[in-house]
Amino acid sequence: MSILAALQKGVKTTSAEGTTAVGRGLAREMAAGGVVALYGDLGAGKTTFVRGIAEALGYHDITSPSFNYYFLYQAQGRRTLVHLDAYRLKSPSDYPSLMVDELLTKEALFVVEWPEKLGDYLPASAYRIYLEGRGDERTIRLEK
Ligand code: ADP
Ligand code: MG
């Protein structure tokens, strides 16, 4: 089964490493210009999932951008990654002032934690991923 088909059914992980591996798998399947929206409560594993996406692109040392809104990862020969944590965004109308869209070239991958904070600014093409669970177990589900 492809990773996308598996994610539509829901993938269970039992460790942070497992969730990172699923993120890696999704990133490998994604076309250029893709957007990933990560839904889930605080501690659900969104940043852990992004770590996997970043690894697939060749970026390591991912940290949560909560207090910076977003981090931009760019390097010669690698796809650009923009990692936004929209948690502190007060209103979707504040999104344009972050000027993130200006960074989103055709090759770039855009990953958003707390995508509900973007309202209609979230691209309709986004892969919507839901993370749920507690303890070491998480269910990761893709909604088409
Ligand atoms: P979020 O970004 O959604 O707030 P984080 O990824 O920062 O969440 O934190 C998730 C925490 O849960 C990490 O400390 C991670 O080690 C832990 N964890 C335990 N089991 C899992 C799992 N199966 N998947 C993801 N994270 C897990
Ligand atoms: Mg996070």
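Our structure's up above, just so we're on the same page.
Residues numbered from 1 in each chain as written. Chains lettered and ligands numbered in written order. Predicted model: local features only at pLDDT ≥ 70, side-chain atom pairs only at ≥ 80, totals over all residues. Heavy atoms only, no water.

Participant: Mind showing me how you'd approach the site of ligand 1 here?
Facilitator: Taken together, 17 residues are adjacent to ligand 1, and T19, G43, K46, T48 and D136 come closest. Here S15 contributes a backbone N or O atom positioned 3.0 Å from a nitrogen atom of ligand 1. R138 is positioned with one of its side-chain polar atoms (N or O) 3.2 Å from an oxygen atom of ligand 1. Within the residue set of the shell around ligand 1, elements represented by two or more residues are α2 (16–29) and α3 (46–57). Looking at the shell around ligand 1, the element that brings in the most residues is α3, giving three residues. Of the residues in the shell around ligand 1, the class split is three nonpolar, nine polar and five charged. (Near = heavy atom within 4 Å. Polar contact = N/O pair within 3.5 Å; in protein donor to acceptor, adjacent residues only side chain to side chain. Helix = DSSP H or I, 4+ residues; strand = E, 2+ residues; numbered from the N terminus. Nonpolar A, V, L, I, M, F, W, Y, C, P; charged D, E, K, R; others polar.)

Participant: Would you take a moment to explain the coordination of the magnesium ion (ligand 2) for this structure?
Facilitator: At 2.1 to 2.2 Å from the magnesium ion (ligand 2) lie its protein donor atoms, namely T47 (OG1) and E113 (OE). Of this pair, T47 sits in helix α3 while E113 sits in strand β5 (residues 109–113), and the two are 66 residues apart along the sequence. Both residues of the pair, T47 and E113, count as buried. (Donors = N, O, S within 2.8 Å, 3.2 Å for Na, K, Ca; no water. Buried < 20%, exposed > 50% of the residue type's maximum accessible area, 1.4 Å probe, protein only.)

Participant: Would you explain the nonpolar core in this entry?
Facilitator: Nonpolar side chains in soluble globular proteins generally cluster together in the buried interior. One finds L81 and I129 to be the most contacted residues of the largest nonpolar core, which totals 25 residues. When residues of this core are traced back to their parent elements, those giving at least two are α1 (3–9), α2, β2 (35–39), α3, β5, β6 (127–132) and β7 (138–143). The leading source of residues in this core is α3, at five residues. Once you skip the residues sitting within four places of it in the chain, L81 turns out to touch I53, A54, L57, Y59, F71, L72, Y73, L109 and V111. (Core = buried A, V, L, I, M, F, W, Y, C linked by side-chain atoms within 4.5 Å. Contact = heavy atoms within 4.5 Å.)

Participant: Would you mind going over the sheet that holds strand β1 (residues 11–13) with me for this structure?
Facilitator: Pairing between the strands of a sheet is mediated by backbone hydrogen bonds and can be parallel or antiparallel. Strand order in the open sheet formed by seven strands is β1-β7-β6-β2-β5-β4-β3, and the pairing between neighbours is mixed. Of all strands in the sheet, those with a lone pairing partner are β1 and β3 (70–73), marking the two edges. Each neighbouring strand pair of the sheet contributes to a mean axis angle of 20°, computed without reference to strand direction. Pairing between β2 and β5: four bridges, direction parallel. When the sheet's bridge partners are listed, A37 is paired in β5 with V112. Sheet strands in contact with α2 are β1, β2, β6 and β7, and its direction is about 140° off that of β1. Relative to the sheet, α3 contacts β2, β4 (81–85), β5, β6 and β7, its axis offset from that of β5 by approximately 170°. (Pairing = 2+ DSSP bridges. Axes fitted to C-alpha atoms, helices over the stretch in contact; angles between N-to-C directions.)

Participant: Which parts of the structure should I look at to understand the side chain of T13?
Facilitator: Here T13 is to be found in strand β1. Given the relative accessible area of 5%, T13 is considered buried. Here T19 takes part through its side chain, which lies 2.8 Å from a polar atom of the side chain of T13. Once residues lying within four places of it in the same chain are set aside, the contact partners of T13 are G18, T19, V22, D136, E137, R138 and I140.

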